[in-house]
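Observations on the model geometry
As a plain string of letters, each chain reads:
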Amino acid sequence: MEQTILLNQEEIKELVTMKDVVNLVDKTFQDMGREKTVNPTKVLLDLGETAAYPPYEGFMNAMPAYIGWQDIAGIKWAGGLLGKRKELGLPYITSMILLINPQIGNFVSVMDGAFITNFRTGAQTANALKYIKEGQKSIKVGLYGAGMQGRTQTMALAEVFEIEELVVYDIYNEAAENFKESMKSYVKGNITVAENPQQAAQNVDTIICVTQSKDSFLKDEWVQPGTVVFPMGSYQEVENEFILNADHIVVDHIEQCLHRGVLKDLNEQGKITEEHIDATIGELAIGKKRIEDFQNKRVICIPIGTGAMDISVAKFALDEAKKRNMGKAFDFLGTGEVSSL
């Protein structure tokens, strides 16, 4: 019987590049568009992010998926915590991915998921923007948030587009300056540190919000025609007025996006429903739908994140590990002995 392969984060960093992840996410979006991927909505465990109890300032998500084009199934158990985790100097994101053989149910791998999460989140944006701005080769970027997610967004965009200019805003100016210095190689033109939030939204092709802000800081009047706005993850970040006034709403997963993140409040008020969703990213990926005349449109795109992307990348990492004789094999049903591959 096949043993379970264990892979840690450092091993995954050796096995997977951003180029790999961008290609894998592209294929998986296409798979979703053809309805060959099965992806239930996330299950949330609130550990004090919004709930009063328990008071741990965080959350965890259970994210299962089956990927048709790879014939693999798995689940990511992931979340973010502040509080004690932040005090210990640990990264905000914590994550683990488990893969199974979908035909017989054996666990074929257990691996770190934090690195994969960061990379696939950037790759989602890059691919979605490619589908929306079909044929466009270069872009100007407005970025809110100069942390790890801001970096991986930039790295992924650089795999798909030539970045003419990037304007970054962060409430911590030092973080923005560090971002500017460390990301120069990914941006053809200048990286500018914005002095105020509005500056990052001016004269750009896309606005990407990767912050932990629960405030609606991006104003409707800041967003110009021809701009695609990405409010990532489970936070509000953009004004409801912009959502209601946008020409098109694109999501990665309709049910999930209506009940989490930026559309949640408007959906609960009955102002945004499934009828208001113009396309899924998967439908754009296979050409089933298109954003016509995007130069004159304001588009909001919400790739809130699906387990499918994580499982797809994890399967690639596992296959590469086997080729390179990396990782450790563990027999969970047997003696428990661990051996190198």
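Reference entry: report on the structure contained in this document. This is a predicted model, so every value here is computed, not measured. (Residues numbered from 1 in each chain as written. Predicted model: local features only at pLDDT ≥ 70, side-chain atom pairs only at ≥ 80, totals over all residues. Heavy atoms only, no water.)

1. Considerations on the environment of Ala126
Rule in force here: Numbering of helices and strands runs from the N terminus; a helix is a DSSP stretch of H or I covering at least four residues, while a strand is a stretch of E covering at least two. Any residue under 20% of the maximum accessible area for its type is buried, any over 50% is exposed, and the rest in between are partly exposed; the area is computed with a 1.4 Å probe on protein chains only.
By the secondary structure assignment, Ala126 is in helix 4 (residues 114–132). Since its relative accessible area comes to 0%, Ala126 is described here as buried. Residues Ala126 and Ala156 lie 30 residues apart in sequence; the distance between their C-alpha atoms is 5.8 Å.

2. Here we look at the sheet that holds strand 11 (residues 228–231)
Let me state the cut-off plainly: For two strands to be treated as a pair, DSSP must find at least two bridges joining them. Note on contacts: a residue pair is in contact if any heavy atoms of the two residues lie within 4.5 Å. The axes are straight lines fitted to the C-alpha atoms, using for helices just the contacting stretch, and the angles between their N-to-C directions are given from 0 to 180°.
An order of 9-8-7-10-11-14-12-13 is seen for the 8 strands of this open sheet, with the pairing classed as parallel. The open sheet has two edge strands, strand 9 (191–193) and strand 13 (279–280), and neither has a second partner. As defined by bridge partners, strand 12 (residues 248–251) adjoins strand 13 across 2 bridges and the pair is classed as parallel. Note that in strand 13 the partner of Val251 across the bridge is Thr280. In this fold helix 6 (residues 173–182) packs onto strand 7 (138–144), strand 8 (162–169) and strand 9, with an angle of close to 170° to the strand it touches most, strand 9.

3. Some remarks on the environment of Gln70
Test applied: Two N or O atoms form a polar contact when they lie within 3.5 Å of each other; inside protein one atom must be a possible hydrogen donor and the other a possible acceptor, and for residues adjacent in sequence the pair counts only when both atoms belong to side chains.
Locating Gln70 in the fold gives a position in the loop between strand 3 (58–67) and strand 4 (72–81). By relative accessible area, which is 13% here, Gln70 ends up buried. What Gln70 contacts, discounting residues up to four positions off in sequence, is Leu24, Ile311, Ser312, Lys315 and Phe316. A polar side-chain atom of Gln70 sits 3.1 Å from the main-chain carbonyl oxygen of Ser312.

4. What to know about the packing of helix 2 (residues 18–33) against helix 11 (residues 307–324)
Pairs of packed helices are described in terms of their axes, by the angle between the two and the distance that separates them. Going by this rule: Any angle from 65 to 115 degrees is called roughly perpendicular, while one under 35 is roughly parallel, one over 145 is roughly antiparallel, and all others are oblique. By the definition used in this description, the sense in which the near helix is turned from the far one sets the handedness, with an anticlockwise turn below a right angle giving left-handed and a clockwise turn giving right-handed. Three classes are used: nonpolar for Ala, Val, Leu, Ile, Met, Phe, Trp, Tyr, Cys and Pro, charged for Asp, Glu, Lys and Arg, and polar for all others, with Gly counted as polar.
Viewed as axis vectors pointing N to C, helix 2 and helix 11 meet at an angle of 130°, and their least axial separation amounts to 9 Å. On the basis of their axis angle, the class for helix 2 and helix 11 is oblique. Here helix 2 and helix 11 pass one another in a crossing that is right-handed. Of the residues in helix 11, those touching helix 2 at Asp20, Val21, Leu24, Val25, Thr28, Phe29 and Met32 are Ala308, Met309, Ser312, Val313 and Phe316. Of the residues assigned to the contact of helix 2 with helix 11, the class counts are 9 nonpolar, 2 polar and 1 charged.

5. A short note on the pairing of strand 4
Burial analysis of strand 4 places 8 of its 10 residues in the buried class, the great majority of the element. Both strand 3 and strand 4 contribute to a ladder of 10 bridges, which runs antiparallel. In the strand pairing of strand 4, Phe59 is matched with Gly80. In this sheet, strand 5 (residues 93–100) lies alongside strand 4 in antiparallel orientation, the contact comprising 8 bridges. What sits directly across from Gly74, in strand 5, is Leu99.

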